[in-house]
Structure formats: structure tokens, C-alpha cells
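The residues making up each chain are set out below.
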Amino acid sequence: MKAVSVADYRIIAKKRVPHFLFEYLDGGSFAETTKERNNSDLESIALRQRVLRDVSEIDTRVELFGHSYEMPVALAPVGIAGMYARRGEVQAVRAAEAAGVPFSLSTVSVCPIEEVSRVASKPFWFQLYMIRDRSFMRDLLARASEANCSALIFTVDLPVPGSRYRDYRSGLAGESRLSGNIRRIAQSLLRPHWAWDVGILGRPHQLGNIAPVLNRDSGLEDFLAWIGKSFDPSVSWQDLEFVRDNWDGPIIIKGILDPDDARQAATLQLDALVVSNHGGRQLDGVSSSVKALPGIVDAVGDQMDVLVDGGISSGLDVVRMLAMGAKSVLLGRSWVYALAANGQVGVEHVLELIHKEMLVAMALTGCRSMAEIDTGVLNS
Ligand code: GLV
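For clarity, every value in this text was computed on a predicted model and none was experimentally measured. (Residues numbered from 1 in each chain as written. Predicted model: local features only at pLDDT ≥ 70, side-chain atom pairs only at ≥ 80, totals over all residues.)

**Observations regarding the pairing of strand 8 (residues 272-275)**
Inference 1: Side chains A272 and V274 of strand 8 all project onto a buried face; the interleaved residues L273 and V275 project onto the opposite face, where all are buried too.
Inference 2: Across four bridges, the pairing between strand 7 (residues 251-256) and strand 8 is parallel. If you follow K254 over to strand 8, its bridge partner there is V274.
Inference 3: The parallel pair strand 7 and strand 8 is bridged by helix 12 (residues 259-266), and the resulting crossover is right-handed.
Inference 4: A crossover links strand 8 with its parallel partner strand 9 (residues 305-309), the connecting element being helix 13 (residues 289-300), and its sense is right-handed. (Buried ≥ 20, exposed ≤ 12 C-beta atoms within 10 Å, placed from the backbone. Helix = DSSP H or I, 4+ residues; strand = E, 2+ residues; numbered from the N terminus. Pairing = 2+ DSSP bridges. Right-handed = clockwise from strand over helix to strand, strands pointing away.)

Structure (C-alpha cells):
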């Protein structure tokens, strides 16, 4: 099958990676209502078709935190992305650079910061969770700084993990070590290409950034358990001062869905926020990110950059989010499906598809630059 859209990459990814990995990526929490809302609310936004506006020159470039990018699309931090292709985060950072967009490395990546920075020729973004062990956090921030990371994404919507039923069914969570291993190995054997290319040649499969604080090599079986044990549920607004004190560059707070929280964030001189419900992976039943976006832009849009993620799977969706007030979007599942399907080449291709779709959507709504995409392109 030739992939010509994110939806195609999703189908290919499902055939390429072991079941538990596909389910971890594709799934949401509880009944997945919010995950579905992210998609359906976005799809239901009607655009205005405008004509005869000379759209021969269209500029999709955007400036974020003093860096210029080819389009307002960043690769979101995704945990264990390095399991979806051999040394996956390394392949993804190369793809992001080729496309001229930012790459974000998750705290819980497979490849450690240093492995990614060795191949990166431009600064990338680093994502941080508040972990109980503050001296470990200090070290992690120092490592990100040493690696020349140009922005810090501080994720605040995961003090505890949401209930991801698919992970319990697939064998990724809630099993004994032995039975989990047997189930995952059995699923891996059904994907021989993956088993050889990633399962064998892509080792070590540890959480590269946190391996130093785990007593033994951390395998995948430790992943969800480690999150449950180590993420700090006592995290509060005061902790942002700790982050500020230990990080010199721009800070992006990710996981804001409520205007009151956005207002609070705006008092802390942060550079940006990401309107996000974690791809529908945390509190099921909350509003879609696109529905939450305008209220948050109204509340703080003149004080900080407002970015958004959740359900974006085409260039059309990017234009919709910008029209609703976002400065840039982050892609999560969309880039990892492509990584799973075809590594770096897949991610480059999906970014190219999204860019082309954006150009068409801008031309047909009569917009030539980012500044021209506003509520005027919405058919309300
Ligand atoms: C972690 O960030 C996850 O959503 O699994």
C-alpha cells in the first residue's frame, strides 16, 4: 500500500509493529471519548472557500522562540518512540531537520539526549515530566542544556497516568514480568521484520534518559510502572519556579485545557503553552483541544504563544487550528505512525504531505501567510 495520508500511515503502522506497540500509540484512556472528540470536533470545523485572491506565492514559515521554521508544525514528544523504528528518535530528529520543523524529545524516550544530539545539527526541544527525585531532574535539565536544546516543554497533565485499557489488554501493562514478556515476544514474532530490525538490531531498549537512575537496565516492562512510581503527583504551580531556576531558555507548559489554568500560567512569564488533553490519553470526557483553544487564546493569547495538539492529521487540520487562534501545532500519533511504517523516510514524507495539504488549504481559503489565517477563514 502506498501511503498518501496520515490515515494510510496508520494502517501500515498497524501491520508493521507488534500489537502492544500499536495499541500504546493508537489508544486513548477509558472509553476514548476525548480522543474521538479531538478528531471529530476538528473535522467538523467548516472553512470558507475564497476565490480570485492571487495565491501564487504562499509562505508557511513561522518564527518560534527566535528560530525560523518552514511551517507551524512541530513533532510532539512521544514516549518510547524509539521502539517504533530502529533508534527511532534519531531517525525522527533527522526527518524534522530535513523538513525544517522542531523535534521534541520525550523524557521517556528510548534514545538518550546525548545520542540524539550527536546526530542533530540544529537544536531540538526537550520535554520534561516532574519526577520525584529533584536532583535527577536537575541533572536531566543540565544534560538538555549541554545538548543545546533550545526550548523546554514542561508537561503538566500527567501527575498520574490515565487508565489506558488497551495497554492492559495488549500485555504492555498490568502483567507479571514473565507473562508480559511472553506475550510481547509472541506478538513480536508475528512481526518478523520489526523483530529483527528493531527488536534485535535496535537495542538497547531502555528508557535512555532515565537509565542512570534505575538500578538495572530498564526494559519496556518497567515503563508504565516507572511512570506510576516516579512521576510526582504533588507537582504544583510552585514547582515551575524550580524549573525556571534550572533552565535558562524558553519554557513551554504543555497540557493546559482550562482558561483559569492558562491565566495562572501567564503570571509566570512562561514563553508558551500547549492546549492539550494529551491526545485523549489522560482524563477521558474532557473537551477536545480545538474546543478549548479559543477560550485560552482569549485569556492569554496576548501574553504568551499558544500552541495546540490533539487530533491533527492533515494540513487542513493545521489551518483549522491556526484559524482558531494557535500559533503552531504539535503532531503526536501522526508522525509516529509514519516512523513505524517507514522510519526517517516515512516521517519526512508525512511532513511533506502535511505541508502540501497546508498549501492547498491556504490557497483555497485565500491565505498567503500565517498572519492571514484567522477567524475570517472559518465558516461560522
Ligand atoms: C506518556 O506521555 C503517554 O501518554 O503514554
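Additional details are given in the paragraphs that follow.
**A short note on the sheet that holds strand 9**
Inference 1: Sheet architecture is open: eight strands sit in the order 3-10-9-8-7-6-5-4, paired in parallel fashion. Whereas interior strands pair on both sides, the edge strands pair on one side only; in this sheet they are strand 3 (73-75) and strand 4 (104-105).
Inference 2: Across the sheet, helix 12 touches strand 7 and strand 8, and the angle it forms with strand 7 is around 165°. (Contact = placed C-beta atoms within 7 Å. Axes fitted to C-alpha atoms, helices over the stretch in contact; angles between N-to-C directions.)

**Digging into the packing of helix 4 (residues 88-99) against helix 15 (residues 333-365)**
Inference 1: One can describe the packing of helix 4 onto helix 15 by two numbers: an axis separation of 8 Å at closest approach and a directional angle of 10°. In terms of axis orientation, helix 4 runs roughly parallel to helix 15. Contacts between helix 4 and helix 15 pair G88, Q91, A92, R94, A95, A98 and A99 from the former with W335, L339, G343, Q344, V347, E348, L351 and E352 from the latter. (Parallel < 35°, antiparallel > 145°, perpendicular 65-115°, else oblique.)

**Some points on the site of the ligand**
Inference 1: What surrounds the ligand is the set G79, L158, H278 and R281.
Inference 2: Broken down by class, the residue content of the shell around the ligand amounts to one nonpolar, two polar and one charged. (Near = placed C-beta within 6 Å. Nonpolar A, V, L, I, M, F, W, Y, C, P; charged D, E, K, R; others polar.)

**Re unusual backbone geometry**
Inference 1: In this chain, R203 is followed by P204 through a cis amide linkage whose omega measures 0°.
Inference 2: In this fold, P204 is placed in the loop between helix 9 (192-200) and helix 10 (223-230).
Inference 3: In this structure, I80 takes a positive phi of about 45° despite not being glycine.

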